[in-house]
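Next come the chains, spelled out residue by residue.
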Amino acid sequence: MSPIFQEKKLRIKATLKYVVVLLLILMVTIVQDFFHSRDFDHSIYLAEKRLINSLWILILPVTIFWNVLFRKMPFLANIRVLLVKRLLFIFFATIFHLFLFAGLADFISKAFLELHLPFLINLRFAVSEELYKYFLIYSIIALLLVKNHKHVRAS
């Protein structure tokens, strides 16, 4: 087998592992939401939970945004220690996701729902209930995406 084919095969395996872990995390959140909805059986809470669950889609744009920044920004791209680079990616992506989530939930709830969910309440909720999920997801993404790229010179 050629080295290029082996590398692609390893990337496919890593991607499949990532998808499995992501699905497991999403299953945990669904079970967590089920138990939460049993405790608070109100339509307001259901609308709130639907809004919060719909904002999980933010993982994709946040990942793309920070991946592009880590490749294009010289001070981020030139970090030599891979562990430091991955930890910075996890930290920045998680913090950015927290604030983006809180802001969007505030805006959407104010514009479209009867119940207004203020920014600070959303931020506190995300830190207390969702932070470990963000760290876990962005850790897996960092393992797959953040790599030291060797610059190849054209002869």
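Just so it is clear, the model here is predicted, and its values are computed rather than measured.

## As for the confidence of the model for the protein
Scored by pLDDT, the protein has a mean of 79; 82% of the residues are at 70 or more. Between the elements of the protein, mean pLDDT differs from a low of 67, seen in helix α2 (residues 43-54), to a high of 91, seen in helix α5 (residues 82-112). Long-range and interchain partners of residues 151-155, a stretch whose pLDDT sits below 50, account for zero contacts in this model, where long-range means more than four residues apart.

## What to know about the pattern of salt bridges
Using the criterion set out here, one finds one salt bridge in the structure. Between Glu 130 and Lys 133 there is a salt bridge; the shortest N-O distance is 3.4 Å. Of this pair, Glu 130 and Lys 133 both sit in helix α6 (residues 119-145), separated by three residues, roughly a single helical turn. Per residue, the accessibility class of Glu 130 equals that of Lys 133, and both read buried.

## Thoughts on the environment of Phe 91
Structurally, Phe 91 is set in helix α5. Taking C-alpha positions, Phe 91 is 8.5 Å from Tyr 138, a pair spaced 47 residues apart along the chain.

## A short note on the packing of aromatic side chains
Ring pairs (aromatic) are described by centroid distance and by the angle formed between their planes. This model, assessed by the stated rule, comprises nine aromatic pairs. The interplanar angle of 85 degrees and the centroid separation of 5.4 Å between the aromatic rings of Phe 65 and Trp 66 together place this pair among those described as edge-to-face. Residue classification places Phe 65 among the partly exposed positions, given a relative accessible area of 37%. With a relative accessible area of 12%, Trp 66 lands in the buried category. Judged by centre distance (5.9 Å) and plane angle (80 degrees), the rings of Trp 66 and Phe 96 are edge-to-face. Placement of the pair is Trp 66 in helix α3 (residues 59-72) and Phe 96 in helix α5, with a sequence separation of 30 residues. Note on Phe 96: relative accessible area 31%, which makes it partly exposed.

Reading the values: rules and limits
- Residues numbered from 1 in each chain as written.
- Predicted model: local features only at pLDDT ≥ 70, side-chain atom pairs only at ≥ 80, totals over all residues.
- Heavy atoms only, no water.
- pLDDT = per-residue confidence, 0-100.
- Helix = DSSP H or I, 4+ residues; strand = E, 2+ residues; numbered from the N terminus.
- Contact = heavy atoms within 4.5 Å.
- Salt bridge = Lys/Arg side-chain N within 4 Å of Asp/Glu carboxyl O.
- Buried < 20%, exposed > 50% of the residue type's maximum accessible area, 1.4 Å probe, protein only.
- Phe/Tyr/Trp six-rings, centres within 6.5 Å; stacked < 30°, edge-to-face > 60°.

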